Structures are given as structure tokens and as C-alpha cells.
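# What the coordinates show
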Amino acid sequence: MGYLSDNDIQGVCLDIDGTLYPRWMMDLFLALSFFPDPRLGLRYNSVRKHYRRSQDAEPPRIADRSGLLEKQALLFLDGKGGEARIRHMTDKVNRQFYDSWKHTFRHIHAYRDMAETLDGIRHLGIKILAISDFPLENKLSTLHIKDIVDYAISSEDTGFLKPSKVPFQRICALSGLDPSRCLYCGDSYDKDVLGAKQVGMFALLLKKNARRDAFPAADLICSNWKEISRILLD
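Residues numbered from 1 in each chain as written. Predicted model: local features only at pLDDT ≥ 70, side-chain atom pairs only at ≥ 80, totals over all residues. Heavy atoms only, no water.

## Some points on helix α2 (residues 23-32)
Turning to α2, its buried residues number three or more, namely M25, M26, F29 and L30. Taken end-on, α2 shows its buried residues confined to a sector of 135 degrees, consistent with a single buried face. (Buried < 20%, exposed > 50% of the residue type's maximum accessible area, 1.4 Å probe, protein only. Helix = DSSP H or I, 4+ residues; strand = E, 2+ residues; numbered from the N terminus. Arc of directions from axis to C-beta.)

Okay, structure coming up:
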């Protein structure tokens, strides 16, 4: 019996970017969004890291995407901004990042064996869920798995980014599944594994040649989707 059956897993929840398709593709498209304002592009990663660190102690004013975009704009402005400046920065971020990603992320290509593995999981009657820290756009369609995934959300729509508990709790509530009966699969130890473990999920880390003792919270560590398929289904 495979890991899913052995542990009575009822839902497999997936990170999207870097887990369903290679991280280098995501990094390339993020790099392309450094223009037309390179300074804004260079600050993006630090702003998102600050957001993750501060979100629980200083949550967004509204727990949805509008609240996230407002707080994110304030971080770009170093906290110095009235309504007009926040709106201007939000529009600028939308144009440079989100609008460009609508086009560039149409060119992603799935990891080998990923879709077949998900199809095998679904044939066991297990629900397939997905969470992205970025807007979903048409990624699931581009990866040819839209019909396989039962529920998918962008964590931005909750106002919180992984590893906050909120996105993990939201996808479980949406699917009607108890977190303790879900396996989360992701390529980030800090965001995916530690976030999932906070709400009681099983956690699988997708990382090539990873040492087990370096990622103690992960229940499983796999190098590729072929290995994931073997462990989960065989």
C-alpha cells in the first residue's frame, strides 16, 4: 500500500510555483518583471519577505486581496503614504508585476510525471487542492491539470501569505477536509512544510538531494515527481 492509503489521506494539497513546474521558470519570469522600474523590481522580494514576517503581528486592515495589496504598497513606501500614494503604488505594482505575469506564466511547462501522478491520486477518490502565493491566473490550464484539481486558491485572496496558517485553513474549509487528513506538497521548507505543519497537515518537501536531518519537520522528502508517485501510490 502507498503512503496515502496507509495514512488515510483524503486530500493532497499542492504548492504551484516551483512544485508543479520548475522553480527556474518562475525565477526567470520574476526577473523579467524587474522592468520598467528596476528599483521596484529589486525591492519586490524584500517587501514580500517583510510581509511574511510581519503579517501575524501586523495583519492587513482587511483580510482579503485588497488588504494585502494595500499593506504591500505601504511596505514599498516604507510606511509613508496617504490614500493617494497607496493607490498610486498599488497601480504601479499591478502594472509592473501582476499584469506582466498574466502573459509570461502562460509559458510554463509541467514537471515530468506530475500530471500522471495527480491523476493516479484522484483515481483513489482523493481530492486535489492547490495554493499559490501568487494569483492563479491560467496556470492550472497551462499545466493541463485544471480538470484534476478540485479546489485552488491564491493565498493573496486571504490577505495572508504562506507560512501563515490562514491560507492552509482556508483551503481545508473550502474543501471540507480536516487538515489532519491532508498531505501538503511543496518545494519550500519554510513556507510550505512549516506552514502546513502548523495546521496539522502531513508535509512532503520536493527538493533534490536533500539531507533528511536538514528538514526535520517534513514527513516525506522527494527529489522528483516519479519518486513522489512511487511513495504515495505504490
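## Focus on the nonpolar core
Counting residues in each nonpolar core, the largest one holds 53 residues, and the members touching the most others are V12, L20, L118, I145 and L232. The dominant element in this core, judged by the number of residues it contributes, is helix α5 (residues 83-104), at six residues. Judged by nonpolar contacts, the second largest core, of 20 residues, contains C13, C172, A203 and I221. (Core = buried A, V, L, I, M, F, W, Y, C linked by side-chain atoms within 4.5 Å.)

## Some words on the packing of aromatic side chains
All told, the structure shown has 11 aromatic pairs when counted by the stated rule. Measuring from ring centre to ring centre gives 5.8 Å for Y44 and W101, while their planes differ by 80 degrees; the resulting arrangement is edge-to-face. Of this pair, Y44 sits in helix α3 (residues 38-54) while W101 sits in helix α5; the two residues are 57 residues apart in sequence, bridging distant segments of the chain. Residue Y44 shares its accessibility class with W101, and that shared class is buried. The class for W101 is buried, based on a relative accessible area of 3%. What links up through ring pairs into an aromatic cluster is the set Y21, F29, Y44, F97, Y98, W101, F105 and F134. The aromatic ring of Y98 is capped on one face by R65, whose charged end is 4.6 Å from the ring centroid. (Phe/Tyr/Trp six-rings, centres within 6.5 Å; stacked < 30°, edge-to-face > 60°. Lys NZ or Arg CZ within 6 Å of the ring centre and 35° of its normal.)

## Here's the deal with the pairing of strand β5 (residues 202-206)
By the criterion of burial, β5 is predominantly enclosed, with five of the five residues buried. Residues F202, L204 and L206 of β5 are buried on one face, and the alternating residues A203 and L205, pointing to the opposite face, are buried as well. Regarding the hand of the β-α-β motif, the stretch spanning strand β4 (residues 182-186), helix α9 (residues 189-198) and β5 is right-handed. (Right-handed = clockwise from strand over helix to strand, strands pointing away.)

## Notes on the pattern of salt bridges
What the rule picks out here adds up to 17 salt bridges. Residue D17 is joined to K139 by a salt bridge in which the shortest nitrogen-to-oxygen separation is 2.9 Å. One end of the pair, D17, is in the loop between β1 (11-15) and α2; the other, K139, is in helix α7 (residues 139-142), and 122 residues separate them in sequence. K139 matches D17 in its accessibility class, with the two residues each being buried. Each of the salt bridges in this network shares a partner with another, and the network as a whole consists of D15, K162 and D192. (Salt bridge = Lys/Arg side-chain N within 4 Å of Asp/Glu carboxyl O.)

## Describing the sheet that holds β4
If you trace the six strands from one edge of the open sheet to the other, you get β3-β2-β1-β4-β5-β6, paired in parallel fashion. Each edge of the open sheet carries a strand with a single partner, namely β3 (151-154) and β6 (220-222). Strand-to-strand twist in this sheet, taken as the mean axis angle between neighbours without regard to direction, amounts to 20 degrees. Two elements, β1 and strand β2 (residues 127-132), share five bridges in a ladder whose sense is parallel. For L14, the partnering residue across the bridge sits in β2 and is A130. (Pairing = 2+ DSSP bridges. Axes fitted to C-alpha atoms, helices over the stretch in contact; angles between N-to-C directions.)

## A look at empty space enclosed by the protein
Under the counting rule described, the total for this entry stands at one cavity of 30 Å³ or more. Put simply, the largest cavity is a space of about 30 Å³. Along the walls of the largest cavity sit Y98, W101, F105, F134, P135, E137 and K139, which together make up its complete lining. Class assignment of the residues belonging to the lining of the largest cavity gives a composition of five nonpolar, no polar and two charged. (1 Å grid on protein atoms, 1.4 Å probe; cavity = no way out; pocket = protein on both sides within 12 Å on 5 of 7 lines; lining within 4 Å. Points joined across faces, edges and corners; volume = space filled by probe spheres on them. Nonpolar A, V, L, I, M, F, W, Y, C, P; charged D, E, K, R; others polar.)

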